[in-house]
2 protein chains.
Amino acid sequence: MTHPTRRTMLRGTAALAAAGVTIQAAGAACAKGPRTGDGPDVGILLYDGYSLLDPAGPAEILARVPNASVTMIAEQRGPVRTDTGGVAIVADRSISEIDRLDVLLVPGAGNRGTIGAAANQQLLQWIRRINEHTRWTTSVCTGSIILARAGLLDGHRATTYWASAEYLESTFDVTYVPERYVHSGKFITAAGVSAGLDMALYLASQLTDEPTAKAIQLALEYDPQPPFDAGNAAKADPEFRKHALALLENSQV
Amino acid sequence: MTHPTRRTMLRGTAALAAAGVTIQAAGAACAKGPRTGDGPDVGILLYDGYSLLDPAGPAEILARVPNASVTMIAEQRGPVRTDTGGVAIVADRSISEIDRLDVLLVPGAGNRGTIGAAANQQLLQWIRRINEHTRWTTSVCTGSIILARAGLLDGHRATTYWASAEYLESTFDVTYVPERYVHSGKFITAAGVSAGLDMALYLASQLTDEPTAKAIQLALEYDPQPPFDAGNAAKADPEFRKHALALLENSQV
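The residue count restarts for each chain, going from 1 along the sequence in the order it is written. Chain A is the first chain written and ligand 1 is the first ligand written, with later ones labelled in order. For this predicted model, a pLDDT threshold of at least 70 governs which residues receive local features, and a threshold of 80 or more governs which side-chain atom pairs are given and counted, while totals over whole chains, interfaces and linings are taken from all residues. Neither water nor hydrogens contribute to the side-chain values; these are computed over all heavy atoms in the structure.

1. Some words on the UniProt feature "domain: DJ-1/PfpI" (unreviewed entry) in chain A
Working step 1: UniProt positions are given in the numbering used here, feature names are shortened, and annotations may be inferred rather than shown by experiment. In this structure's numbering, the residues bearing the UniProt feature "domain: DJ-1/PfpI" (unreviewed entry) are residues 42-204 of chain A.
Working step 2: Secondary structure across residues 42-204 of chain A comprises 33% helix and 26% strand; the distance between its end C-alpha atoms is 11 Å. A run of DSSP states H or I qualifies as a helix once it reaches four residues; a run of E qualifies as a strand once it reaches two. Both are numbered from the N-terminal end.

2. Observations regarding the nonpolar core
Working step 1: Nonpolar cores were defined as sets of buried Ala, Val, Leu, Ile, Met, Phe, Trp, Tyr and Cys residues, with membership established by side-chain atoms within 4.5 Å. For every residue, the accessible area obtained with a 1.4 Å probe (protein chains only) is divided by the maximum for its type, and the residue is called buried under 20%, exposed over 50%, and partly exposed between those limits. By size, the foremost hydrophobic cluster in this structure holds 172 residues, and its most contacted members are Trp126(A), Ile127(A), Trp126(B) and Ile127(B).
Working step 2: Here, residues are in contact when the closest pair of their heavy atoms is within 4.5 Å. Contact partners of Trp126(B), with chain neighbours within four places excluded, come to Leu45(B), Ile73(B), Ile95(B), Ile98(B), Leu101(B) and Leu104(B).

3. Observations concerning the sheet that holds strand E7 (residues 136-139) of chain A
Residues and elements named next belong to chain A.
Working step 1: Ordered in space as E5-E2-E1-E6-E7-E11-E10, the seven strands form an open sheet in which the pairing is mixed. Whereas interior strands pair on both sides, the edge strands pair on one side only; in this sheet they are strand E5 (93-94) and strand E10 (181-184).
Working step 2: When strand E6 (residues 103-106) meets E7, the two strands line up parallel, connected through four bridges. Residue pairing in the sheet places Leu104 in a bridge with Thr137 of E7.
Working step 3: Its contacts with the sheet put helix H5 (residues 121-131) on strand E1 (41-45), strand E2 (69-74), E6, E7 and strand E11 (187-190), and the angle it makes with E6 is roughly 150 degrees. DSSP-based pairing: two strands are paired if at least 2 bridges between them are found. Lines fitted to C-alpha atoms define the axes, with helix axes restricted to the stretch in contact, and inter-axis angles between N-to-C directions lie between 0 and 180 degrees.

4. Some remarks on the environment of Pro178(A)
Residues and elements named next belong to chain A.
Working step 1: Assignment of secondary structure puts Pro178 in the loop between strand E9 (174-176) and E10.
Working step 2: Pro178 sits in the exposed class, given a relative accessible area of 64%.
Working step 3: When the C-alpha positions of Pro178 and Trp162 are compared, they lie 7.8 Å apart, and in sequence the two are 16 residues distant.

5. Remarks on the packing of aromatic side chains
Residues and elements named next belong to chain A.
Working step 1: Stacked, tilted and edge-to-face pairs are distinguished by plane angle, under 30 degrees for stacked and over 60 for edge-to-face with tilted covering the rest, among Phe, Tyr and Trp rings (Trp via its six-membered ring) whose centres lie within 6.5 Å. The tally for this structure, following the rule as stated, stands at six aromatic pairs over all chains.
Working step 2: When the centroid spacing of 5.3 Å and the interplanar angle of 40 degrees are considered together, the rings of Tyr161 and Trp162 count as tilted.
Working step 3: Judged by its relative accessible area of 2%, Tyr161 falls in the buried class.
Working step 4: For Trp162, a relative accessible area of 7% gives the class buried.
Working step 5: Where Tyr181 meets Tyr202, the ring centres are 4.9 Å apart and the plane angle is 25 degrees; that geometry is what we call stacked. Taken together, the residues span a long stretch of sequence, with Tyr181 in strand E10 and Tyr202 in helix H8 (residues 195-207) at a distance of 21 residues.

6. Examining the relation of the copies chain B and chain A
Working step 1: Least squares is the method for superposing the copies, and the C-alpha atoms it fits come from residues with pLDDT of at least 70 in both. Superposing chain B onto chain A takes a rotation of 180 degrees plus a shift of 0.0 Å along the axis, which leaves an RMSD of 0.0 Å. Here the two chains are linked by the operation of a two-fold rotation axis. Within chain B, Ile89(B) has its C-alpha nearest the rotation axis, a separation of 2.2 Å.
Working step 2: Looking at the interface residues of chain B, 100% of them are also at the interface in chain A, so both copies use one shared face.

7. Brief notes about the pairing of strand E3 (residues 78-81) of chain A
All names here are of chain A.
Working step 1: Sheet analysis places E3 next to strand E4 (residues 88-91), joined by four bridges and oriented antiparallel. Following the sheet pairing, Pro79 is matched in E4 by Val90.
Working step 2: Between E3 and E4, which follow one another and run antiparallel, lie six residues, and Gly85 among them has a positive phi close to 80 degrees.

8. Digging into the sheet that holds strand E6 (residues 103-106) of chain B
All names here are of chain B.
Working step 1: The seven strands are arranged E5-E2-E1-E6-E7-E11-E10 in an open sheet whose pairing can be described as mixed. A strand with exactly one partner marks an edge of an open sheet, and here the two such strands are strand E5 (93-94) and strand E10 (181-184).
Working step 2: Together, strand E1 (41-45), strand E2 (69-74) and E6 form the strand contacts of helix H4 (residues 53-62), whose direction differs from that of E2 by roughly 155 degrees.
Working step 3: Set on the sheet, helix H6 (residues 121-131) makes contact with E1, E2, E6, strand E7 (136-139) and strand E11 (187-190); between it and E6 the angle comes to about 150 degrees.

9. Some words on the packing of helix H3 (residues 53-62) of chain A against H4(B)
Working step 1: Between H3(A) and H4(B), whose axes approach to 9 Å, the crossing angle comes to 150 degrees. In terms of their interaxial angle, H3(A) and H4(B) are classed as roughly antiparallel. Both H3(A) and H4(B) take part in a crossing whose hand is left-handed. The residues of H4(B) that touch H3(A), namely those facing Leu53(A), Ala56(A), Gly57(A) and Glu60(A), are Leu53(B), Ala56(B), Gly57(B) and Glu60(B). Working rule for angles: under 35 degrees goes down as roughly parallel, over 145 as roughly antiparallel, 65 to 115 as roughly perpendicular, anything else as oblique. In a left-handed crossing the near helix is turned counterclockwise from the far helix by less than a right angle, and in a right-handed crossing that turn is clockwise.

10. Side note on the interface of chain B and chain A
Working step 1: Listed as interface residues are 110 residues of chain B and, on the opposing side, 111 residues of chain A.
Working step 2: Surface buried jointly by chain B and chain A totals about 10,100 Å² across both partners, of which 62% is contributed by carbon and sulfur atoms.
Working step 3: Salt bridges are counted wherever a side-chain nitrogen of Lys or Arg sits within 4 Å of a carboxyl oxygen of Asp or Glu. Where chain B packs against chain A, one counts four salt bridges.
Working step 4: Put simply, Arg81(A) and Asp92(B) hold a salt bridge, and the shortest N to O gap is 2.7 Å.
Working step 5: Polar contacts, as used here, are pairs of N or O atoms within 3.5 Å; protein pairs need one atom able to donate a hydrogen and one able to accept it. Residues neighboring in sequence count only if both atoms are side-chain atoms. For the pair chain B and chain A, the number of links is 38 residue pairs in polar contact (both at pLDDT 80 or more).
Working step 6: Counting residues per element, the side of chain B that touches chain A draws most heavily on helix H10 (residues 210-219) of chain B, which supplies 10 residues.
Working step 7: Residues are grouped as follows: nonpolar covers Ala, Val, Leu, Ile, Met, Phe, Trp, Tyr, Cys and Pro; charged covers Asp, Glu, Lys and Arg; every other residue, Gly included, is treated as polar. Of the residues that constitute the side of chain B that touches chain A, the class distribution is 59 nonpolar, 30 polar and 21 charged. Note on terms: buried area is the combined drop in 1.4 Å-probe accessible area of two parts once they are placed together, counting the loss on both.

11. As for unusual backbone geometry
All names here are of chain A.
Working step 1: We note that Cys141 has phi near 60 degrees; this positive angle belongs to a residue other than glycine.
Working step 2: In this structure, Cys141 sits in the loop between E7 and helix H6 (143-149).
Working step 3: Its identity is not glycine, yet Glu221 carries a phi of approximately 45 degrees, on the positive side.
Working step 4: Mapped onto the elements of the fold, Glu221 is located in the loop between helix H9 (210-219) and helix H10 (238-250).
Working step 5: Under the relative-accessibility criterion, Glu221 is labelled buried at 10%.

See below:
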């Protein structure tokens, strides 16, 4: 076996290889915060009990937008645990440190996390304040319930997690649209969990252009081929929906 | 606006609501490690420079397997940064603390991360040792290069990130198969980044059964509908491939 070189590992990418050799220390990366360059500053709000893929999918995609910065933000800096309790992403910034964002993304959560965030007046106030200057305010899954609770979605079309649709529409002045993502004014809301990937790719095209978004899609090999076709609630019978929700709830702390 | 209740937020899931009220402290969750119950112990190996979605997608899915534990592991405990430097997931366990896993997952990375991990003899030794007792040893993206470098894929069929296929096949005794995921013996390798979602759903069906995996798919609303159809390298022309790889490399630290 020969030792891998950049040239052989990823064909055709040797040009920029030198830049990749510098290994940035975690502390240095942690301290840098949003860039002041020409790319969008994307902030993702973490809170106790969010679902891992809700922030991680869009972060993976949006971090590929040229010169973008993606920053994880929470009430306080530090690890923030998911709904299952098993994984934590680090919030590198507290909400008190962030006054402006080009893009705000609010992920969804299970019941505990969504209820906690939707009842947290400090978080809601920060969301409202940040929203005043965003180009895009976005959500994944039940994150749209948190945006609605902050009073931002009045009169808008929006989507959410399939099992929360009735709650969203009956509680707020929101027209629920059962699509993968819904663009209404400067708001883009995504359906459940994995829908954040589709939403973020659309958002990437809005932040740049379609060829760039397509290049990001290829860069992340996002050519989904799930082994089953069971992800659409509209095609599921009530018993199967109950089974899915019970599995979800049993996995949560 | 009325305050949300579990009953209204997620219809039909009231039965288990009481369990959800207990907010587990981060420290407690952090300290629990793999469960000793009847579900699979899944360990995901983080290393400096991995791509965020590679561990996060499968973790989201596998954490829904009944009684499963999903643990993030690294050479040392603590935050481990992604290829863009912008996000860190916490490793709750060091490799010295983990002797057995039912499922090992090795994520992929950009050039820097893949080369670093593939040259790290301690990591490779741990991978080999853990593999002796796994039911499944799996990878996403260039994670298969790390498994191959550990000597585990000799004589196997496998997949990897599209731009790394030639390297994988020319360097190791591996037959590259350009599929979303490839099952060979107890190894399941996934293609680039987002392919980990498809692989993990298949793996969930192997760990449980097809109805359970389908319920997980619905629970995570994994009904992908990307706005573009540009994620398949086989359909991309050379210039567009170069564009995608340049975007990826420019986003990395």
